[in-house]
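What the coordinates show
These are the residues of each chain, in order.
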Amino acid sequence: MKPLNLIALLLFLGGAVWAFTQSDRAVREVQDLYFSAMSPFLKSGSKMETQARAFLHETRHSKALEIELETVRSELGRLRIIESRYRELELENERFRHALDYKKATHFDVVPAQVIRRQPTTWWQTVDIDAGQERGIGTQLAVLSNEGLVGKIDRIYKDQNRSSVLLLTDEKCQVSARVEGSPEVGILSGQRGRFDGNPLLRLKFLSTDAALRPGLRVFTTGRGGIFQPNILLGTIDSVEKGALDSEALVRPSVNFADLGTVFVVLSADP
Amino acid sequence: MIRYSFITILLLLASFVVQQFLPAFTGIHQSRIMLIQLVFLCSAVTVGPPTMLLLAFIGGFFWDAHCAIGPHGGDPEVYAQQVESLRFGYSILLFGAMGFLMQGIQPLFKQGKWQFSAFLSGIAIFLYLAAEYAIINFVRGDFILSQATFMQMVFTSLLTMLFSPFVFWLLFRVAKSCDHSINPDAGRKRRHAY
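The structure contained in this document is the topic of the report that follows. (Residues numbered from 1 in each chain as written. Chains lettered and ligands numbered in written order. Predicted model: local features only at pLDDT ≥ 70, side-chain atom pairs only at ≥ 80, totals over all residues.)

**Describing the overall build of chain A**
Along the backbone of chain A there are two helices and 12 strands. Starting at the N terminus, the α and β elements of chain A follow one another as α-α-β-β-β-β-β-β-β-β-β-β-β-β. The C-alpha atoms of chain A give 23 Å as radius of gyration, which overshoots the globular expectation for 270 residues (18 Å, by more than 25%). If you line up chain A on its principal axes, its C-alpha atoms span 85 × 50 × 50 Å. Relative to its 270 residues, chain A shows a buried fraction of 34%. Partitioning the intrachain contacts of chain A with sequence separation of at least 6 by distance along the chain shows that 55% fall at a separation of at least 24. (Helix = DSSP H or I, 4+ residues; strand = E, 2+ residues; numbered from the N terminus. Rg over C-alpha atoms; globule rule 2.2 N^0.38 Å. Buried ≥ 20, exposed ≤ 12 C-beta atoms within 10 Å, placed from the backbone. Contact = placed C-beta atoms within 7 Å.)

This is how it looks when you write it as structure tokens:
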């Protein structure tokens, strides 16, 4: 081997070892710098992707959308009437609470956001949303849709109004879960190598004699410090009994193939 | 030579920008065009080992910055068995290994047979993805390979390989503008023929 090649190889290996030994904080700083530099291109890329998806969706479903729009319009009118009644009841309730010196039972502060980019990496199940630090979003916050839990915030793009969400379908997104009507609790996560459509989730560490049946709903327990309790995760599809524990396959309540608007939970006091 | 090497580095950095505009094809098993890896592999066959290693370091480093996901978080008592992620920096070694693979057929490329390199770039992309997936399996335990994953790797390699003639064409143009020959044997043969 030529001396120059040998020196280059040694420098390369030294550089690789240096990169390997970086702390999580240092990696995040490198990522912040990288995404700051990429910021204008990320915005344009996301915009193009959103427009392309919207166009494809529109051409595929234009007739169905027309019918849906009509239904939604009539439903909206009905809901507006209900909402005005609801507001009145809320005010009335507030007055009664005040009179009885009650504390507010719950506080659930959410930020709505749109999915602007899907799966920017090869192996991780993530999406980017158009809400970031400016709207009070930080890492490890739960992300919901009106159907249930979507995932959690994995990364905030510094000085950009966007963040990355690790989806519930990713193996790394673990959620402490319970099955309704049973004492069973376990850890729910996505399955490796399942990317198509709506993959099933795996609920691990259930007891061997878990009396579970398909159709039972699975909710968050609220333990673990990330996800609030009683958020719907999905329904049991099948149960696999093992020698030491049981596992259940769970069909997610959220349609991950058609994610549009999501809500980031900023705070939720019990 | 130095000018050419410098431009290949710029091309690699530019590929990171273009990659932002290339989404995954959900209809084709979530496959995608891996432009960064392709530009690196095509460049690797046209330069010497020191430049190739520099390209591998830059490519791997920024690719990991692009892809790395954060730590799990949450209470470790509840999430006792946390799922491991790929360590930052692993891509540098994978890029280096794929670069050496491409350099293995540099003699053929120098003779002007770039088609072999184009074909090998597809194989190298497949090997790259397979190695990445194998490392994920290794750090997380249990070897799981679904048909969907296999098809994703195959179609990603094929789609990416289709773009390799374009990247080679670009590299030839760059070399010409820098008065540098990336396939000197082919040039010599042509001169002999005349």
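Alright, that's what it looks like, and here's the rest.
**Structural notes on the interface of chain A and chain B**
Each partner contributes residues to the interface: chain A has 46 residues there, and chain B has 43 residues. Top element by residues in the side of chain A that touches chain B is helix H2 (residues 24-100) of chain A. It accounts for 11 residues. Taken together, the residues of the side of chain A that touches chain B break down into 20 nonpolar, 15 polar and 11 charged. (Nonpolar A, V, L, I, M, F, W, Y, C, P; charged D, E, K, R; others polar.)

**Details of helix H8 (residues 164-177) of chain B**
Residues and elements named next belong to chain B. In a regular helix each residue adds 1.5 Å, so 14 residues correspond to 20 Å; H8 covers 20 Å between its end C-alpha atoms and thus fits that length. Turning to H8, its buried residues are Ser 164, Val 167, Phe 168 and Leu 171. Around the axis of H8, the buried residues are gathered within 100° of arc, so they sit on the same side. Opposite the packed face of H8, turned more than 90 degrees from it, sit the exposed residues Phe 166, Trp 169, Arg 173, Lys 176 and Ser 177. Elements in contact with the buried residues of H8: helix H2 (35-44), helix H6 (114-140) and helix H7 (147-162). Of the residues one or two after H8, Asp 179 is the one with positive phi, at around 55°. (Expected span 1.5 Å × (residues − 1). Arc of directions from axis to C-beta.)

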